[in-house]
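# Chains, contacts and geometry: an overview
Here are the chains, one letter per residue:
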Amino acid sequence: MIDDDRISAEAQDSPKQEGAGRAVRRGVIALGGGAALFVLVSMAFDLGWLRDRGEPVKNREAPQAMHTFFPPGEQAIPDGPAGDAIKRGQAIFMNTRMNAKDFVGNHLSCSNCHLDGGRKADSAPMWAAWVSYPAYRKKNKQINTMEDRIKGCFTYSMNAQNSPTGGAPPAGHDVYKDLQTYMHWLATGAPTGKKMLGAGYPELDKPAGGYDPARGKLVYDAKCAVCHGSDGQGQRDLNGRLVFPPLWGPDSYNWGAGMARVNTAAGFIKANMPLGQGNSLTDQQAWDAAAFIDSQERPRDPRQKGSIADNAKANHGGDSYYGKVVGGRQLGAGTK
Amino acid sequence: MKTQLSGPPSPSETFEPYETMRPIPLGVLMIAVALALWGVVLLFDNSEAVAIGQAERADVLADQPARSDADGASLFSARCATCHQPNGSGVSGAVPPLAGSPFLAGRAEVPIAILLRGIDGPIRVRDTVYDGHMPSFASVLSDEEIARLVSYLRERFADRPAPVAAEMVTALRGELAGGSGWKGGQELAARLAPELAPQPSFALASRAEADPATMRLVNEGTNGSWACASCHGALGQGSETVPRLAGLPAGYIARQLESYLNGSRRNESMAVVARSLTRQERVALGDYYALLRAPSNARPSLGGDIARGERLVLEGVWDRGIPPCVSCHGPSAFGVAPGFPGLAAQHPAYTASQLAAWVSGERDNAQQKLMNGIARSLDDADRRAVADYLATLPPVPVAATKERADDRR
């Protein structure tokens, strides 16, 4: 018993002493090995062996940056007379009522429907329009130059019949020259005559069940009214400056405008509205909202000579509420 | 017993069984050592990055006075053109033209006085009356800058090439210090330029003076919660991460207080305050702050790239789904009542923190979640750039009287 105890005590002692020496050795190896491991791994990193080899992180710009054409930015406007004309054209484009005031009969600007100063793809960008004219247009059944096309914008979208001069700028007017210089500059590097990705407004397939202004009102109240107002007349800042454009009524586009057609408005809405949330509405919502907006009264169609019904037959096929009876009232009589 | 003795020696009865400790495998030790080394290197690396960051930020801030060396033309395009337009045409029915304006053609004191105090009333320019609301630039432009700007404006738009001396601005600043905006063209004409008469008379907007109960909320607090002024300042001007309230739309302020109640905007302190307020008190506080006019005390402080911020605010980055801030918050970022708050002269730390809060979900009360996507599309440098740029803008002029009572929620 006593022996056993002594022996076991010795047996316990000797590994302890031995263990101390071993611990030191192990410590040295661990430190050295750790340092070596660290150096190895950091070398591996430096040489790129351990870098993420997965798919490159998707550029968050990608979904909307698919369009291949990028118009020049503001700071690229050249100096000199051409640059001055570009700036004048830009000023007209952004603030049409002020800078082409003789020919504007409502409270809209070009840039209300052609976003980002006519740059944004899928909002009828000017760089794509520039390379598409002269072209034949069914609307007036003739070849239109760019000047003719812009004249149409003044006549209908800017409701020139209600302007101080009562009409669009006369042929060869500086307004056309400046606007075209601006558009030509925006189209720097664009291929002439080629249908460009992002041109015009997207064409949406008509929903199987059609569209419905009553449903559209619900979409409008939920998604549009916060900016355009529940009465559709837009909103002004504290100086009375219009920040959000009116969508119907006397200060909006007239019955002859492209945007007065439900399909055109639906395409614009789908791609661009609500601002900053483009493509967030379903096609059905876009069609319904467009139907609601375009079934409100707006300035009369300047092409109307005889009755509304005659003009409807001559100029308003397809998806237009012109001449139709909505809420017990025939649309097309005009405002004011 | 015998069998036991012939067997293996029985263990001592006092012997306690033990296990020798199994040594930690060398590999694990090595990895631990390597990780420790990595940590040390990271700390060192990081401290270097922080130091570089601080140095860069100091550099950027030091560079910013250089911006104030800007000539009159760049001051004009940065400070005036968003409202008066790059060609000085103004905006029909809203912003008076500079081109051919008699206010520029007469004594130089007139435009200086307008820049120093802003305008808060109707003004007649070239036979058209404008309901003028122009901010005061006293808190955002130096005397030299105002002198350069006025010289440029007079030369370009009124054919008066004689430069204006900064001393004239300094003298006028002293004389006009502390005044609120000019009560329209009438007060301006009476004080400085009789030749500009007749000017439309200024009818004091039906401004309801804040009732004593509201003033008590503002200055003393109630029901165990703090006074508004204890954090937001006596003039509602705010500081750092506490927002400026002066000039924000009444309906917007009331809606924020509701958001603190229903949790769509999270902030412990404001939740306490909001719980202590009745609906009427929330509305009254909105009305009170909407009518306050306070000079800007916001300065760029995040080291953001001001030029980049200016581009984001005025032009947006449409490819990334970022419309210009001003397309909804109004030209000059004065806001559009009741839904869209003014952003001008807001404190950058606050602006940037809100943009981050929309990403993190701390704040989720934007109408139609309009801000959520936009905030997500901005990276950290964008947020700092936008916030710093907005801090350079003059404060929102008072015009909340235009807000219709039924817009208030």
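Residues numbered from 1 in each chain as written. Chains lettered and ligands numbered in written order. Predicted model: local features only at pLDDT ≥ 70, side-chain atom pairs only at ≥ 80, totals over all residues. Heavy atoms only, no water.

Attention now moves to the overall build of chain A. A count of helices and strands for chain A gives twelve helices and six strands. Taking all 336 residues of chain A together, the buried fraction comes to 47%. Considering only residue pairs separated by 6 or more positions, chain A has 67% of its internal contacts joining residues 24 or more positions apart. For chain A, the exposed area adds up to about 17300 Å²; of that, 56% sits on carbon and sulfur atoms. (Helix = DSSP H or I, 4+ residues; strand = E, 2+ residues; numbered from the N terminus. Buried < 20%, exposed > 50% of the residue type's maximum accessible area, 1.4 Å probe, protein only. Contact = heavy atoms within 4.5 Å. Areas by Shrake-Rupley, 256 points an atom, 1.4 Å probe, with all protein chains shown as cover.)

Take the overall build of chain B next. Each helix and strand counted, chain B has 19 helices and two strands in total. The proportion of buried residues among the 409 residues of chain B is 51%. The contacts in chain B between residues at least 6 apart in sequence include a share of 71% that link residues at least 24 apart. Surface accessibility of chain B: about 19700 Å² in total, with carbon and sulfur atoms responsible for 58%.

Residues and elements named next belong to chain A. Residue Pro-274 follows Met-273 across a cis peptide bond; omega there is -15°. Looking at the secondary structure, you find Pro-274 in the loop between α10 (262–272) and α11 (283–293). Its identity as a non-glycine residue notwithstanding, Asp-116 has a phi of 55°, on the positive side. Tracing the backbone shows Asp-116 in helix α5 (residues 115–118). Under the relative-accessibility criterion, Asp-116 is labelled partly exposed at 21%.

Residues and elements named next belong to chain A. Here Pro-71 is to be found in the loop between α1 (2–47) and α2 (80–94). Since its relative accessible area comes to 17%, Pro-71 is described here as buried. Considered as a pair, Pro-71 and Pro-274 are 203 residues apart in the sequence and their alpha carbons are 23 Å apart. Ignoring sequence-local partners within four residues, the contact set of Pro-71 consists of Arg-119, Trp-127 and Leu-186.

Contacts between the two partners involve 44 residues from chain A and, on the opposite side, 60 residues from chain B. Carbon and sulfur atoms make up 61% of the area that chain A and chain B hide from each other, which totals about 4300 Å². When the buried area of chain A at its contact with chain B is split by residue, Leu238(A), Asn239(A) and Arg241(A) rank highest and sum to 17% of it. Summed over the shared surface of chain A and chain B, the result is zero salt bridges. Applying the counting rule to chain A against chain B returns eleven residue pairs in polar contact (both at pLDDT 80 or more). Every element with two or more residues in the side of chain A that touches chain B is listed here: α1, α3 (96–99), α5, α9 (213–228), β3 (235–236) and β4 (242–244) of chain A. Examining the composition of the side of chain A that touches chain B, we find that twelve residues originate from one element, α1(A), more than from any other. (Buried area = accessible area lost by both parts, 1.4 Å probe. Salt bridge = Lys/Arg side-chain N within 4 Å of Asp/Glu carboxyl O. Polar contact = N/O pair within 3.5 Å; in protein donor to acceptor, adjacent residues only side chain to side chain.)

The tally for this structure, following the rule as stated, stands at 15 aromatic pairs over all chains. Seen in terms of ring centroids, Tyr220(A) and Trp248(A) are 5.5 Å apart; in terms of plane orientation they differ by 55°. Their pairing is tilted. With Tyr220(A) in helix α9 and Trp248(A) in the loop between β4 and α10, the pair connects residues that are 28 residues apart, well separated along the chain. What makes Trp248(A) buried here is its relative accessible area of 10%. The interplanar angle of 40° and the centroid separation of 5.2 Å between the aromatic rings of Phe244(A) and Phe340(B) together place this pair among those described as tilted. Separated into two different chains, Phe244(A) in strand β4 and Phe340(B) in the loop between α16 (326–329) and α17 (348–360) make up a pair that spans both. Residue classification places Phe340(B) among the buried positions, given a relative accessible area of 6%. Within the aromatic cluster, the residues linked to one another by ring pairs are Phe93(A), Tyr182(A) and Trp185(A). (Phe/Tyr/Trp six-rings, centres within 6.5 Å; stacked < 30°, edge-to-face > 60°.)

With that out of the way, let us pick up the pairing of strand β2 (residues 128–134) of chain B. All names here are of chain B. Two elements, strand β1 (residues 119–125) and β2, share seven bridges in a ladder whose sense is antiparallel. Bridged to Asp-120 within β2 is His-133. Between β1 and β2, which pair antiparallel in sequence order, lie two residues; one of them, Arg-126, sits at a positive phi of approximately 50°. (Pairing = 2+ DSSP bridges.)

Attention shifts here to the nonpolar core. Formed by 61 residues in total, the largest nonpolar core has its most connected members in Phe154(A), Tyr220(A), Ile269(A) and Ile293(A). A domain split of this core shows at least three residues from each of domain 1 (9–186) and domain 2 (213–330) of chain A. Not counting the four nearest positions on each side in its chain, Phe154(A) is found in contact with Thr96(A), Ala100(A), Phe103(A), Val104(A), Asn159(A), Ala160(A), Ala168(A), Pro169(A), Val175(A) and Leu179(A). Counting residues in each nonpolar core, the second largest holds 41 residues, with Leu75(B), Ile119(B), Leu149(B) and Phe157(B) among its members. (Core = buried A, V, L, I, M, F, W, Y, C linked by side-chain atoms within 4.5 Å. Domains from an automatic or database assignment.)

We now examine the packing of α2(A) against helix α8 (residues 174–186) of chain A. Residues and elements named next belong to chain A. Closest axis-to-axis distance for the α2/α8 pair is 7 Å, and the angle between their directions is 100°. Here α8 runs roughly perpendicular to α2, going by the angle between their axes. Contacts between α2 and α8 pair Ala-82, Ala-85, Ile-86, Arg-88, Gly-89, Gln-90, Ile-92 and Phe-93 from the former with Val-175, Asp-178, Leu-179, Thr-181, Tyr-182 and Trp-185 from the latter. (Axes fitted to C-alpha atoms, helices over the stretch in contact; angles between N-to-C directions. Parallel < 35°, antiparallel > 145°, perpendicular 65-115°, else oblique.)

Another aspect to go through is the confidence of the model for chain B. Residues and elements named next belong to chain B. Summarising the model, chain B shows a mean pLDDT of 84, and 88% of its residues fall at 70 or more. At the low end of the mean pLDDT range in chain B sits helix α1 (residues 2–6), at 50; at the high end sits helix α19 (residues 380–391), at 95. Contacts for the low-pLDDT stretch residues 400–409, under 50 throughout, to residues beyond four places or in other chains number 25 contacts. Two summary scores accompany this predicted model of the complex, namely pTM at 0.77 and ipTM at 0.75. (pLDDT = per-residue confidence, 0-100.)

Looking at the secondary structure, you find Asn239(A) in the loop between β3 and β4. A polar side-chain atom of Asn239(A) sits 2.8 Å from the main-chain amide nitrogen of His133(B). Setting aside residues up to four positions removed in sequence, Asn239(A) forms contacts with Gly93(B), Ala94(B), Asp131(B), Gly132(B) and His133(B).

Tallied over the entire structure, the rule returns zero disulfides over all chains. Here Cys224(A) is not disulfide-linked; the sulfur of Cys227(A) is the nearest cysteine sulfur, at 9.0 Å. Cysteine Cys231(B) shares no disulfide, and the gap to the nearest cysteine sulfur, in Cys228(B), comes to 9.3 Å. In this structure Cys231(B) comes out as partly exposed when scored by relative accessible area, which is 47%. (Disulfide = S-S within 2.5 Å.)

Our focus in this paragraph is the packing of α17(B) against helix α18 (residues 370–377) of chain B. Residue and element names in this part refer to chain B. Here α17 crosses α18 at 105°, and the two axes come no closer than 8 Å. Of the possible angle classes, the one that applies to α17 and α18 is roughly perpendicular. In this structure, α17 uses Leu-355, Trp-358 and Val-359 to contact α18, whose residues at the interface are Met-371, Asn-372, Ala-375 and Arg-376. Split by residue class, the contact of α17 with α18 holds five nonpolar, one polar and one charged. (Nonpolar A, V, L, I, M, F, W, Y, C, P; charged D, E, K, R; others polar.)

A separate point is helix α12 (residues 308–315) of chain A. Residues and elements named next belong to chain A. What α12 keeps buried is the set Ile-308, Asn-311 and Ala-312. End-on, the buried residues of α12 take up no more than an arc of 105°, which puts them together on one face. For α12, the exposed residues set more than 90 degrees away from the buried face come down to Lys-313 and Ala-314. (Arc of directions from axis to C-beta.)

Another aspect to go through is the pattern of salt bridges. Where side chains of opposite charge bring their charged atoms close, a pairing between them can arise. Residue and element names in this part refer to chain B. Under the criterion given, the structure shown has 20 salt bridges over all chains. With a shortest N-O distance of 3.8 Å, Arg-117 and Glu-187 are connected by a salt bridge. Pair noted here: Arg-117 is in helix α6 (residues 109–117) and Glu-187 is in helix α9 (residues 184–191), with a separation of 70 residues, a long-range link. Classification of Arg-117 as buried rests on a relative accessible area of 9%. Judged by its relative accessible area of 27%, Glu-187 falls in the partly exposed class. Between Arg-320 and Asp-382 there is a salt bridge whose closest N-O contact spans 2.4 Å.

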